[in-house]
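Coordinates in review
This is what each chain is made of:
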Amino acid sequence: MMANAPLRMEFLTGYACWLPPEQWCGTRFAARRMFFEGHFETHCNRHMVCNACGLPTLTLQIESDYCSACDWEDDFSEDPYADEISKMNGGVSLNQARRNILEKGTMFCDTDRNWMHPTSFEKIFSRRAQAHRDKLFQLFDELMTYTDAADVDRQWATIDEHWRTA
Ligand SMILES: [Zn+2]
């Protein structure tokens with residue numbers, strides 16, 4: 001890596017691996033994020049890992065990169081400031097988004113009904129959308145169990161296909 005590369009590049013290339021604060025130790029979120037950050041070269045299919053859900057979903061656009069699993073917009077929020085409100089994410093903190101994601105697979109939650117357009121809310125919380133998210137998280141959890149490169153490739157093809165049918 002070039003010595004004069006911006007600091008953020010270290011995050012973008014997965015060099016700086018995250019360690020979970022105590023409140024996240026032992027959660028599915030921490031397991032996912034640690035696994036994918038530690039397997040950037042082999043398991044992430046050139047995606048960066050989302051700070052909120054821990055899945056490799058970000059496509060390296062520097063500005064305005066939305067997670068295609070949990071909808072968190074990457075605003076570079078990070079521990080230990082994860083309880084601060086994220087303006088780019090509708091006034092939700094990163095930690096609140098993480099709690100919502102562990103419950104429903106999306107950074108949004110039931111009380112977002114109060115401000116969200118009913119159509120948007122229904123789109124996110126319909127039974128079909130919930131099932132689609134559950135399946136996506138399941139596919140990524142399975143991906144973590146594969147060690148063979150061919151199995152990883154096959155699982156990514158399945159994940160891409162699943163994304164397309166959203
Ligand atoms: Zn995410």
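Residues numbered from 1 in each chain as written. Predicted model: local features only at pLDDT ≥ 70, side-chain atom pairs only at ≥ 80, totals over all residues. Heavy atoms only, no water.

1. Overview of the nonpolar core
Of all hydrophobic cores here, the largest spans 36 residues; its most connected members are Phe36, Cys53, Cys70, Trp72, Phe140 and Ile159. At the level of elements, helix H2 (28-38), strand E1 (48-49), helix H4 (94-104), helix H5 (118-125), helix H6 (127-143) and helix H7 (149-164) are the ones that each hand at least two residues to this core. Here this core gets 5 residues from one element, more than from any other, and that element is H6. Ignoring sequence-local partners within four residues, the contact set of Cys53 consists of Phe29, Arg32, Cys67, Ala69, Cys70, Ile101 and Phe137. (Core = buried A, V, L, I, M, F, W, Y, C linked by side-chain atoms within 4.5 Å. Buried < 20%, exposed > 50% of the residue type's maximum accessible area, 1.4 Å probe, protein only. Helix = DSSP H or I, 4+ residues; strand = E, 2+ residues; numbered from the N terminus. Contact = heavy atoms within 4.5 Å.)

2. Some points on the coordination of the zinc ion
Within the protein, the zinc ion binds to Cys50 (SG), Cys53 (SG), Cys67 (SG) and Cys70 (SG); these donor distances fall in the range 2.3 to 2.4 Å. Geometry at the zinc ion is tetrahedral, judged from its 4 donor atoms and the angles of 105 to 118 degrees they form at the metal. (Donors = N, O, S within 2.8 Å, 3.2 Å for Na, K, Ca; no water. Tetrahedral: all angles 85-135°; square planar, octahedral: opposite > 155°, others 65-115°.)

3. Some points on the packing of H6 against H7
At a minimum axis separation of 10 Å, H6 and H7 run at an interaxial angle of 170 degrees. Viewed along their axes, H6 and H7 adopt a mutual orientation that is roughly antiparallel. Of the residues in H7, those touching H6 at His132, Lys135, Leu136, Leu139, Phe140, Glu142 and Leu143 are Val152, Gln155, Trp156, Thr158, Ile159, His162 and Trp163. Of the residues assigned to the contact of H6 with H7, the class counts are 8 nonpolar, 4 polar and 2 charged. (Axes fitted to C-alpha atoms, helices over the stretch in contact; angles between N-to-C directions. Parallel < 35°, antiparallel > 145°, perpendicular 65-115°, else oblique. Nonpolar A, V, L, I, M, F, W, Y, C, P; charged D, E, K, R; others polar.)

4. Observations concerning unusual backbone geometry
Cis geometry is adopted by the peptide bond preceding Pro80, which originates at Asp79 and carries an omega value of 5 degrees. Even without being a glycine, Asn45 presents a positive backbone phi close to 50 degrees. Tracing the chain through its elements places Asn45 in the loop between helix H3 (40-43) and E1. Asn45 gets classed as partly exposed once you look at its relative accessible area, which sits at 27%. Although it is not a glycine, Phe76 sits at a positive phi angle of roughly 65 degrees. Tracing the backbone shows Phe76 in the loop between strand E2 (56-58) and strand E3 (85-86). By relative accessible area, Phe76 is classed as partly exposed at 40%.

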